[in-house]
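Letter by letter, the chains look like this.
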Amino acid sequence: MIRINENYTKLKASYLFADIARRVNTYVAAHPSKPVIRLGIGDVTEPLPPVCIEALHAATDEMSQRATFKGYGPEQGYAFLREAIAQHDYAARGCAIAADEIFVSDGSKCDCGNIQEIFSTDLRLAIPDPVYPVYVDTNVMAGRTGANVDGRYQGITYLESTPANGYVPSVPAGAADLIYLCFPNNPTGAVATRAQLAAWVAYAKQHKAVILFDSAYEAYIRDPEIPHSIYEIEGAHEVAIEFRSFSKTAGFTGTRCAYTVVPKALKAFDAAGAEHSVHALWNRRHTTKFNGVAYPIQKAAAAIYTAAGQQQTTALINFYLENAKLIRSAMTKLGFACIGGDNAPYIWINTGRDSWEFFDRLLNEAQVVCTPGAGFGKCGEGHVRISAFNSRENVETALARIAAALK
Ligand code: MLT
């Protein structure tokens with residue numbers, strides 16, 4: 001008799017954003033004359049930068065000629081893209097990351113979800129709350145947790161992000177082996193200072209732990225004092241893996257391209273205490289289970305590192321940040337305490353009410369979709385997240401509708 005992986009039975013019935021989409025679709029079907037504005041899932045709305053479109057066209061033409069046609073590419077990504085990333089995203093910020101420490105992939109969601117496979121199943125996890133649900137759910141699937149009791153899985157040290165700590169958790173008192181951090185944060189939009197990140201790097205060194213640092217939103221940082229990469233902190237090469245994505249930087253949510261940095265200096269240990277290269281393990285996993293991102297997509301991603309590409313992506317991000325400013329200011333005017341939106345595309349709103357009720361109220365009375373904070377964890381209760389990814393017109397209409405509904 002075929003048996004299931006029973007860890008899956010510990011999960012909530014559906015993934016957060018699938019659950020929200022179902023509720024919204026039900027509402028839309030019942031109210032076809034009421035157009036809904038979606039500020040829930042962080043999905044971009046503006047077209048790809050022109051440099052990316054030109055690169056896509058040119059690369060597609062190359063695929064039409066025998067002389068320039070490409071079959072399988074390197075699983076880790078083409079050198080032209082890995083070298084551009086190493087140069088522009090790291091060397092330019094003073095971080096020594098070599099091109100061969102970069103693994104190009106089809107998304108940070110996949111990488112953040114898959115990376116845990118190379119570590120033991122009995123390690124001690126530290127995961128923020130609220131949190132991007134992929135970090136938790138993939139560890140539940142892998143069997144690293146116990147049951148969900150009162151909204152929390154046994155076996156996880158939850159790093160609480162609350163108004164009291166400015167939504168940036170400190171290192172825990174006890175030991176952890178695998179630590180997830182995300183800055184600028186999804187869902188709160190909070191950023192971590194150099195000193196806060198340095199404390200995490202020191203903690204990881206002390207406990208021989210690994211930090212999984214999700215910086216998918218780094219391009220939204222405008223405060224010059226805030227680090228964009230964990231590798232801006234001395235010693236981080238020995239303790240951290242970093243995830244980056246072109247999704248929110250250049251509008252690639254539908255195009256799919258991201259990368260993960262696994263420094264060669266990063267080591268993990270087997271049961272006998274012998275040291276292993278995490279880079280070698282991830283390379284083994286990646287080459288076994290992944291065949292690389294399509295050549296035209298990698299060409300489009302590389303195009304953002306040209307002068308024109310930098311200018312176009314900055315304009316795109318500035319556009320969403322302007323939306324974020326409008327949202328934060330409108331919600332503040334309505335009397336809510338908010339964070340995020342200044343160095344991130346998300347605004348985290350302390351509603352002081354049940355977050356699913358607030359979600360339903362915005363959907364029913366304003367036809368605006370947000371994300372209920374409780375969906376991101378226990379500490380998300382009492383909050384909602386509003387995303388800045390939409391057209392200016394839709395953001396302005398949504399804010400006017402919210403103001404009218406909450407008056
Ligand atoms: C979000 O809304 O949190 C993100 O868009 C989800 C994702 O990037 O997978």
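Keep in mind it's a predicted model, so treat the numbers as computed, not measured.

Below, the discussion takes up the site of the ligand. The environment of the ligand is made up of F17, I41, G42, Y132, N186, Y217, K248, Y346 and R385. Separating an oxygen atom of the ligand from a side-chain N or O atom of Y132 is a distance of 2.5 Å. Within the side chain of K248, a nitrogen or oxygen atom sits 3.0 Å from an oxygen atom of the ligand. Relative to its unbound accessible surface of 270 Å², the ligand loses 85% to contact with the protein. The residue makeup of the shell around the ligand, split by class, is five nonpolar, two polar and two charged.

As a further point, take the sheet that holds strand 13 (residues 337–340). If you trace the four strands from one edge of the open sheet to the other, you get 13-14-17-16, paired in antiparallel fashion. Only two strands of the sheet have a single partner each, and these edge strands are strand 13 and strand 16 (371–372). Here strand 14 (residues 346–350) runs beside strand 17 (residues 383–387); their pairing, made up of five bridges, is antiparallel. Bridge assignment links N350 to a residue of strand 17, and that residue is H383.

Another aspect to go through is the packing of helix 11 (residues 355–366) against helix 12 (residues 392–406). Interaxial distance between helix 11 and helix 12 falls to 9 Å at its minimum, and their mutual angle equals 105 degrees. In terms of their interaxial angle, helix 11 and helix 12 are classed as roughly perpendicular. Contacts from F358, R361, L362, E365 and A366 in helix 11 reach R401, I402, A405 and L406 in helix 12. Across the contact of helix 11 with helix 12, the residue classes break down as six nonpolar, no polar and three charged.

Thresholds, definitions, all that
Residues numbered from 1 in each chain as written. Predicted model: local features only at pLDDT ≥ 70, side-chain atom pairs only at ≥ 80, totals over all residues. Heavy atoms only, no water. Near = heavy atom within 4 Å. Polar contact = N/O pair within 3.5 Å; in protein donor to acceptor, adjacent residues only side chain to side chain. Areas by Shrake-Rupley, 256 points an atom, 1.4 Å probe, with all protein chains shown as cover. Nonpolar A, V, L, I, M, F, W, Y, C, P; charged D, E, K, R; others polar. Pairing = 2+ DSSP bridges. Helix = DSSP H or I, 4+ residues; strand = E, 2+ residues; numbered from the N terminus. Axes fitted to C-alpha atoms, helices over the stretch in contact; angles between N-to-C directions. Parallel < 35°, antiparallel > 145°, perpendicular 65-115°, else oblique. Contact = heavy atoms within 4.5 Å.

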